[in-house]
Amino acid sequence: MALLSISSVQAQKWQSDAEVIRLSWADTAKATQVFTSQSVTKNATQADILALALAAVGQHQLPLTDFQIAYTKESPVGTHTEWAYQPQGIPAFAHFIKIFQDQQGTIRQVACLLDGARKLPMEQFVFPSHSGFSEQEARKIWFYTGTDWKAAWVVRPQASILAFAEERIVDQQGRTLHRIPLSFHYTAPDTLVQAAVFLPDPLTSAGVAYGDVKNGYTYLDYNDADSSGANQERKTVSLKVKLQNDTFMLYNNNFYFNEIEGPARLTPYSLFPTFEYTRSQEQFEFVNSFYHLNQFKGRVDSLGVNLPGFQIQVDPHAANGLDISAFSISTIPPSLLFGDGGIDDAEDADVIVHEFGHALSHGAAPNTVNGLQRESFEEGQCDYFAMSYSRHVKDTMWEKTFNWDGNVTWQGRISNGPKIMPDDYSTNKYSNAEIWVSALTEIYDSMGRDKADKLVMSGLYYQYANMSFRDMALSLIQTDSILYNGAHEQALRTSFNRRRILYPLGVEQQGDNGLNWTVYNSLGFAQGGSVQVYFGGGLISGTYSLYAVNGQLIRSGIIHNQNALNLEAEGIKKGLYILKIEGTGRELFVSRLARF
């Protein structure tokens, strides 16, 4: 398949040959995330809550009228509301503030990306008529370059393959400033019928590697031709379908099939309660994908997670026969597209569940897949869903994700690999995904499938544009504190620290970072007094966090227009600590402290 979440054909191969060049501010901007415990009165309005959140991240001077609710989502742990920043009534790309309130209404977490919000956009909007796009189909948007605002337009080029669909932000001269992916690659009574599917793929169920010989059968794709080895790995299952008059159809309120793009294939139906095909028959991919999609959707429902929240159309023979699969939001309703190149993607449950994972993510936090780390852990968590699902079906060979599909044109990915941050981090989001999924896999092992799945699914609601690995990890730790009373915090921190996703592992003391900051009385702190960090005569707004060497957060707070931070040692046990101070949108200072 070459699992494509926001990419092109055989993206992993192509990226290894020539890395994607990222130039725009939107790929490097850093969001601010603050954990707090701000009580909200019962009669508080949405504007009151927004004002409290802006104050928590040091942006209280911004007019409330410049914000508009983008979406509100209810998760198993509370309410997640994202406000879009819209100066002069025009959206500012990737500028937002996101507020999490627990089930008691207390503000527990605030995240924002508001770089440049204190500067007023001044440029006039002039549509680039020579760009080849229609002004009637374009929409205005502010784009912050890191130094100033650009009046820009969002346009949508025609895509011959929906897995490549995207929008572009262009400036007044028609130059592309940024690309916004629209595909993430990677009623009537029901009745039960009998169907033949792979569980979860022919290699895992047979317990062989690709190309192995077992009982005289060689396990190869044979260009989708029937082979005794693969065909005998089809298992008979019960499948709930729609019965209309005397016809059984693959349809329900969650999924239906549609011919979205070539190669053209007819959706199968039956006059008998059976859907049994061999893998050389085009109907097999319909049945196989329908079964696994509904099985995993049932899993999501059983955990009390209401995702994705919309019906999805499915094309199991798509992408004009290329080796690519995608979840696409460029269609109405959104669609799942599985390509036929290499090994047919809809034959592998890992591919099917991975792509549906993108739909869960979009349902929880729409239009937030922007920024390299955010794109990378998006791929990693979808790999986790695939691993968890297949491992439950058969608890062998789960270490490799995409066992069947990842052989002819690519080699799949590993869900429990050794990669760490920042040593193995690169501009290839698929490679980076292995860092994130390996941490989640270890969490699966320590918590068990049910708790880990619910934790990761609930964590989807926290997502926002340009979110970092670290901030997502801290959000999962907070989710554990609400779902399970923090019972797994140490296990979570251990897993994330092992990959150097959280502090303090891999942290170098940053001194004054060129800011002329000074630390006083660190010896006094070590002996039970207080330590002071002076901000070189300037006023700073941001947050501070004190971590133990095992990564546990010991103390945190907000810095608001202060020229210094005073940190008391009272209540802090003997040991080594990391003090981290962050300003809005960037890391400012890291220092080691000791307590004797």
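The coordinates are above.
The structure contained in this document is the topic of the report that follows. (Residues numbered from 1 in each chain as written. Predicted model: local features only at pLDDT ≥ 70, side-chain atom pairs only at ≥ 80, totals over all residues. Heavy atoms only, no water.)

The helix and strand inventory of the protein chain stands at twelve helices and 30 strands. Taking 596 residues into account, the globule formula puts the C-alpha radius of gyration at 25 Å, and the protein chain, at 25 Å, falls close to it. Seen along its three principal axes, the alpha-carbon backbone of the protein chain occupies a region of about 80 × 60 × 50 Å. Considering the protein chain as a whole, with its 596 residues, one finds that 58% of them fall into the buried category. Across the protein chain, the centroid of the 47 positively charged side chains sits 7 Å from that of the 62 negatively charged ones. (Helix = DSSP H or I, 4+ residues; strand = E, 2+ residues; numbered from the N terminus. Rg over C-alpha atoms; globule rule 2.2 N^0.38 Å. Buried < 20%, exposed > 50% of the residue type's maximum accessible area, 1.4 Å probe, protein only. Lys, Arg positive; Asp, Glu negative; His and termini not counted. Charge placed at Lys NZ, Arg CZ, Asp CG, Glu CD.)

The geometry of helix α5 (residues 283–302) relative to helix α6 (residues 349–364) is characterised by a closest axis approach of 10 Å and an angle of 50 degrees between their N-to-C directions. Relative to α6, the element α5 is oriented oblique. Here α5 runs over α6; the crossing is right-handed. Seen from α5, the contacting residues are Asn-288, Ser-289, His-292, Leu-293, Phe-296, Lys-297 and Val-300; seen from α6, they are Ala-349, Ile-352, Val-353, Phe-356 and Leu-360. Looking at the contact of α5 with α6 residue by residue, the class counts come to eight nonpolar, three polar and one charged. (Axes fitted to C-alpha atoms, helices over the stretch in contact; angles between N-to-C directions. Parallel < 35°, antiparallel > 145°, perpendicular 65-115°, else oblique. Left-handed = near helix turned anticlockwise from the far one by under 90°. Contact = heavy atoms within 4.5 Å. Nonpolar A, V, L, I, M, F, W, Y, C, P; charged D, E, K, R; others polar.)

Let us look at the nonpolar core. In this structure, Trp-436 and Phe-496 are the most contacted members of the largest nonpolar core, which totals 93 residues. Residues within four places of Trp-436 in sequence aside, it is in contact with Phe-377, Gly-380, Gln-381, Phe-469, Met-472, Ala-473, Leu-476, Phe-496 and Ile-501. Residues Ile-97, Ile-99, Leu-114 and Val-155 belong to the second largest nonpolar core, which totals 30 residues. (Core = buried A, V, L, I, M, F, W, Y, C linked by side-chain atoms within 4.5 Å.)

The next subject is the sheet that holds strand β28 (residues 564–568). The strand order across the open sheet formed by three strands is β24-β25-β28, and the pairing between neighbours is antiparallel. Looking at which strands have only one partner, the edges of the open sheet turn out to be β24 (518–520) and β28. With direction set aside, neighbouring strand axes in the sheet form an average angle of 15 degrees. (Pairing = 2+ DSSP bridges.)

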